[in-house]
Amino acid sequence: MKSIFIDCALGISGDMLASALLDLGVPQSILLDNLVSLNIDRNYNLQFSEGYSEGIKGIICTKNKIQLKELSKSLNDVKKLILDSKLNDYVKKTSIKVFEILADAEAIVHGKDISDVHFHELGSIDSILDIVNVCSAIDFLKPDKIYFSNPPAGKGVVSTLHGLLPVPVPTVLEIAKQNKIPLMSIDDNYFGEITTPTGAALIATFIDEFGHPDNINIKKIGIGLGSKNISRPNFLRVLLIETNDEYKDNNNPVFETIISQEAWIDDSTPEDIAILIERLRASGAIDVVCYSVDMKKNRKGICIKAIVSLQNQNLLKEVWFNYSTTIGIRENKISRWVLPRRIISHETSFGEVNVKQTMRPNGKISIKIEHKDLTKLTLDTGIPIEEIRQKLFIELSEFYEIDDWSY
């Protein structure tokens with residue numbers, strides 16, 4: 001699976017991200033063509049060139065334009081400019097989404113209706129072009145998944161048309177709050193804005209997951225430089241990566257990261273514990289186990305442990321806290337190796353049964369008949385379960401199709 005990881009630990013802005021994506025391999029013509037697609041003044045000169053930031057080489061974006069006083073634009077003005085352009089539908093849709101996130105945050109910050117919001121710096125041709133360029137670059141790359149590191153909050157104050165504002169500026173804080181973007185503090189001597197509203201809105205638009213993906217194969221690295229000289233490296237990097245899905249081999253196990261969630265409970269009945277375990281399984285737990293533990297004050301308790309995929313991690317947390325008496329859970333990332341397997345239905349002399357097939361590294365396929373099907377057959381026919389199992393194994397011994405395997 002082709003993904004990109006956007007490492008914005010030192011800051012993020014629209015032009016930095018566009019420059020990094022260009023350095024990653026997006027053709028420069030795609031970004032320069034946006035000037036024509038948006039019908040921007042021909043005297044507006046957009047350039048991407050190689051540069052350095054405290055010894056780190058990357059791509060920096062410069063914009064040399066004629067000096068015109070730009071009027072502030074409403075959200076509808078920006079939408080009209082984008083919709084009337086020659087951009088493709090995906091770029092139009094995602095660019096407008098970025099501006100809607102910005103407008104929504106601005107409306108809350110200024111206590112206005114979203115239709116009354118007017119962009120000043122954010123409505124400039126510079127900002128519009130940065131956002132459209134990023135959306136065009138993502139459209140070209142078409143990643144299956146986009147990861148972001150946690151962006152930095154920054155510190156100090158910044159001068160705006162509204163006067164001096166604290167960093168992070170209110171719009172960035174509002175976008176972070178609404179979209180659950182974790183802003184992190186870094187040990188930095190620079191006082192000023194390093195995560196811009198545009199950068200925060202782009203994160204909110206494209207984020208699939210925060211954090212560094214595990215077990216990756218790095219194919220390319222793109223570096224985008226910031227325009228500020230802040231006495232330290234000022235850059236953003238984007239990694240084009242392939243995850244384990246790219247290397248699935250029907251004969252080999254795959255390494256993956258999953259989550260272990262655990263709680264010790266001493267104030268629930270066995271009946272309630274049984275219901276909780278069923279809820280955890282129904283909500284996507286890969287498996288759930290429980291066993292007796294000795295807790296404080298010599299109380300007998302139950303340890304319940306669930307393993308779950310990263311995708312269902314938050315859903316299971318909701319189950320723990322809404323449907324059990326626990327007031328806390330322990331959670332850890334764990335790793336495992338898994339073989340390709342599948343469950344299929346097959347017609348036999350006893351009727352249709354479900355069978356789990358597993359591909360071994362040596363190429364052999366093992367089969368296991370679903371126990372609930374065996375139970376139903378033995379109750380319906382009166383034939384001992386072991387006799388049914390042996391007969392079915394003989395019938396299924398030649399059923400070794402190897403397509404449509406999963407992990």
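Let me sum up the structure you'll find in this document. (Residues numbered from 1 in each chain as written. Predicted model: local features only at pLDDT ≥ 70, side-chain atom pairs only at ≥ 80, totals over all residues. Heavy atoms only, no water.)

1. Comments concerning the overall build of the protein chain
Here is step 1: Secondary structure summary: the protein chain contains 11 helices and 18 strands in total.
Here is step 2: For 407 residues, the compact-globule estimate of 2.2 N^0.38 gives 22 Å, and the protein chain exceeds it by more than 25% at 28 Å.
Here is step 3: Taken along its principal axes, the extent of the C-alpha atoms in the protein chain is 90 × 55 × 45 Å.
Here is step 4: When burial is assessed residue by residue, the protein chain has 45% of its 407 residues classed as buried.
Here is step 5: Residue pairs in contact within the protein chain that sit at least 24 positions apart in sequence constitute 69% of those at least 6 positions apart.
Here is step 6: For the protein chain, the computed accessible surface area is about 21500 Å², with 50% contributed by carbon and sulfur atoms.
Here is step 7: For the protein chain, the centre of its 46 positive side-chain charges and the centre of its 55 negative side-chain charges are spaced 2 Å apart. (Helix = DSSP H or I, 4+ residues; strand = E, 2+ residues; numbered from the N terminus. Rg over C-alpha atoms; globule rule 2.2 N^0.38 Å. Buried < 20%, exposed > 50% of the residue type's maximum accessible area, 1.4 Å probe, protein only. Contact = heavy atoms within 4.5 Å. Areas by Shrake-Rupley, 256 points an atom, 1.4 Å probe, with all protein chains shown as cover. Lys, Arg positive; Asp, Glu negative; His and termini not counted. Charge placed at Lys NZ, Arg CZ, Asp CG, Glu CD.)

2. So, the environment of F99
Here is step 1: With respect to the helices and strands, F99 occurs in helix α4 (residues 89-110).
Here is step 2: When the C-alpha atoms of F99 and T205 are compared, they prove to be 9.8 Å apart, with 106 residues separating the residues in sequence.

3. Quick word on unusual backbone geometry
Here is step 1: With an omega of 0°, the peptide bond running from V167 to P168 counts as cis.
Here is step 2: Looking at the secondary structure, you find P168 in the loop between β8 (163-166) and α6 (170-179).
Here is step 3: The phi angle at S231 is positive, at roughly 60°, despite the residue not being glycine.
Here is step 4: Summarising the element assignment, S231 is placed in the loop between β10 (217-225) and β11 (235-242).
Here is step 5: The exposure class of S231 is exposed, given its relative accessible area of 65%.

4. Some points on the pattern of salt bridges
Here is step 1: Counted by the stated rule, this structure contains 17 salt bridges.
Here is step 2: Across the pair D7 and R237 runs a salt bridge, and its minimum N-O distance is 2.8 Å. You can see D7 sitting in strand β1 (residues 2-7) and its partner R237 sitting in strand β11, a full 230 residues away along the chain.
Here is step 3: As a salt-bridge pair, E256 and R336 come within 2.6 Å of each other at their nearest N and O atoms. One end of the pair, E256, is in strand β12 (residues 254-265); the other, R336, is in strand β15 (residues 330-338), and 80 residues separate them in sequence.
Here is step 4: What makes E256 partly exposed here is its relative accessible area of 22%.
Here is step 5: Residues joined by salt bridges that share partners form a network here, namely E262, K305 and R330. (Salt bridge = Lys/Arg side-chain N within 4 Å of Asp/Glu carboxyl O.)

5. Brief notes about the nonpolar core
Here is step 1: Counting 65 residues, the largest nonpolar core has I4, L17, L21, F99, I175, L236 and V238 as the members making the most contacts within it.
Here is step 2: In terms of residue count, helix α5 (residues 125-141) provides more of this core than any other element does, 10 residues in total.
Here is step 3: Excluding its chain neighbours within four sequence positions, the residues that come into contact with L21 are I4, V26, V134, A137, I138, L141 and V238.
Here is step 4: Within the second largest apolar cluster, 15 residues are counted, among which are I265, I277, A306 and W320. (Core = buried A, V, L, I, M, F, W, Y, C linked by side-chain atoms within 4.5 Å.)

6. Regarding the sheet that holds strand β16 (residues 341-348)
Here is step 1: With antiparallel pairing, the 3 strands of this open sheet are ordered in space as β16-β17-β18. Either end of the sheet is taken by a strand with one partner, and the two such strands are β16 and β18 (365-369). Here the average twist between neighbouring strands, direction ignored, is 35°.
Here is step 2: Pairing analysis gives 8 bridges linking β16 to strand β17 (residues 351-359), with the strands arranged antiparallel. Looking at the pairing, R342 lines up with Q357 of β17.
Here is step 3: Each of β16, β17 and β18 is contacted by helix α11 (residues 385-396), which is oriented at about 140° to β18, the strand it contacts most. (Pairing = 2+ DSSP bridges. Axes fitted to C-alpha atoms, helices over the stretch in contact; angles between N-to-C directions.)

7. Focus on the environment of K364
Here is step 1: Along the chain, K364 falls in the loop between β17 and β18.
Here is step 2: Residue classification places K364 among the exposed positions, given a relative accessible area of 59%.
Here is step 3: For K364, the residues in contact, after removing those within four places along its chain, are T358 and M359.

8. Quick notes on the packing of helix α1 (residues 14-24) against α5
Here is step 1: It is the contact of α1 with α5, at a shortest axis distance of 8 Å, that shows an interaxial angle of 30°. Accordingly, the angle class assigned to the pair α1 and α5 is roughly parallel. The chirality of how α1 crosses α5 is left-handed. Two secondary-structure elements touch here, α1 through G14, D15, L17, A18, L21 and L24 and α5 through D130, N133, V134, A137, I138 and L141. (Parallel < 35°, antiparallel > 145°, perpendicular 65-115°, else oblique. Left-handed = near helix turned anticlockwise from the far one by under 90°.)

These figures capture arrangement, not role.
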